[in-house]
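Architecture and fold: a report
This is what each chain is made of:
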Amino acid sequence: MIDDKTAPYAAFTLRISLAILFLAHAGLKFFVFTPAGTAGFFQSLGLPSALAYATIGAEVVGAALLIAGLYVRYVSIALLPILLGAIFFVHGQNGWLFSNENGGWEFPAFWAVALIVQALLGNGVFALALGTENQSPRQQTA
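This text gives an overview of the structure that appears in the document.

Judged by side-chain polarity, Leu 28, Phe 30, Phe 31, Val 32 and Phe 33 come together as a nonpolar surface patch covering roughly 540 Å² of accessible area. With respect to the element layout, Val 32 can be found in helix 1 (residues 7-32). Taking relative accessible area as the criterion, Val 32 reaches 54% and is therefore assigned exposed.

Right, dumping it as structure tokens:
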């Protein structure tokens, strides 16, 4: 049974957690690896270097929208390809456990599932978006 009193707070907590993760990963790509270094890494994987810049941008913009609570369902789905790309192009060949050398695909897979859960939950409380996205299905039909 879903607790309608606390579920919006759970959605908010997940939303902010996901945003922080994306900001941290964008920061890693920008401040530690540098955008040019990240682009070089993408090229070494056989991906276009421009995709590195797009990924950094999507992580920052997506995180900002999640924090604000705007278009949360759409943003959550739109960010999924970043994690699927991390699984298929970077971590997949390293095995399941993220503690494996070069990190396995355990963490990005869990992160992807969390994005799907967020898309199903909606924005929760403390969001700029108002309307039915914040309501449970029971509230929408009433």
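Next comes the rest of the description.
A separate point is the pattern of salt bridges. Counted according to the given criterion, the structure contains 1 salt bridge. Between Lys 29 and Glu 59 there is a salt bridge; the shortest N-O distance is 3.0 Å. Of this pair, Lys 29 sits in helix 1 while Glu 59 sits in helix 3 (residues 49-68); the two residues are 30 residues apart in sequence, bridging distant segments of the chain. Of the residues examined, Lys 29 reaches a relative accessible area of 14% and is grouped as buried. The buried category is assigned to Glu 59, whose relative accessible area is 1%.

Attention now goes to helix 1. For helix 1, spanning 26 residues, the distance from its first C-alpha to its last is 37 Å, which sits close to the expected 38 Å at 1.5 Å a residue. Within helix 1, the full set of buried residues consists of Pro 8, Ala 11, Arg 15, Leu 18, Ala 19, Phe 22, Ala 26, Gly 27 and Lys 29. Thr 34 occupies a position one or two residues after helix 1 and carries a positive phi of about 70 degrees.

Core analysis: the biggest nonpolar cluster contains 15 residues, and Leu 18, Phe 22, Leu 66, Leu 79, Leu 83, Trp 111 and Leu 115 have the highest contact counts within it. Those elements giving two or more residues to this core turn out to be helix 1, helix 3, helix 4 (72-91) and helix 5 (106-121). When residues of this core are assigned to their parent elements, the largest contribution, 6 residues, is made by helix 4. In contact with Trp 111, not counting residues within four places along its chain, are Leu 18, Leu 21, Phe 22, His 25 and Leu 83.

Rules and cut-offs
Residues numbered from 1 in each chain as written. Predicted model: local features only at pLDDT ≥ 70, side-chain atom pairs only at ≥ 80, totals over all residues. Heavy atoms only, no water. Patch = residues over 30% accessible without salt bridge, like charges linked within 9 Å, V, L, I, M, F, W, Y side chains within 5 Å. Areas by Shrake-Rupley, 256 points an atom, 1.4 Å probe, with all protein chains shown as cover. Salt bridge = Lys/Arg side-chain N within 4 Å of Asp/Glu carboxyl O. Helix = DSSP H or I, 4+ residues; strand = E, 2+ residues; numbered from the N terminus. Buried < 20%, exposed > 50% of the residue type's maximum accessible area, 1.4 Å probe, protein only. Expected span 1.5 Å × (residues − 1). Core = buried A, V, L, I, M, F, W, Y, C linked by side-chain atoms within 4.5 Å. Contact = heavy atoms within 4.5 Å.

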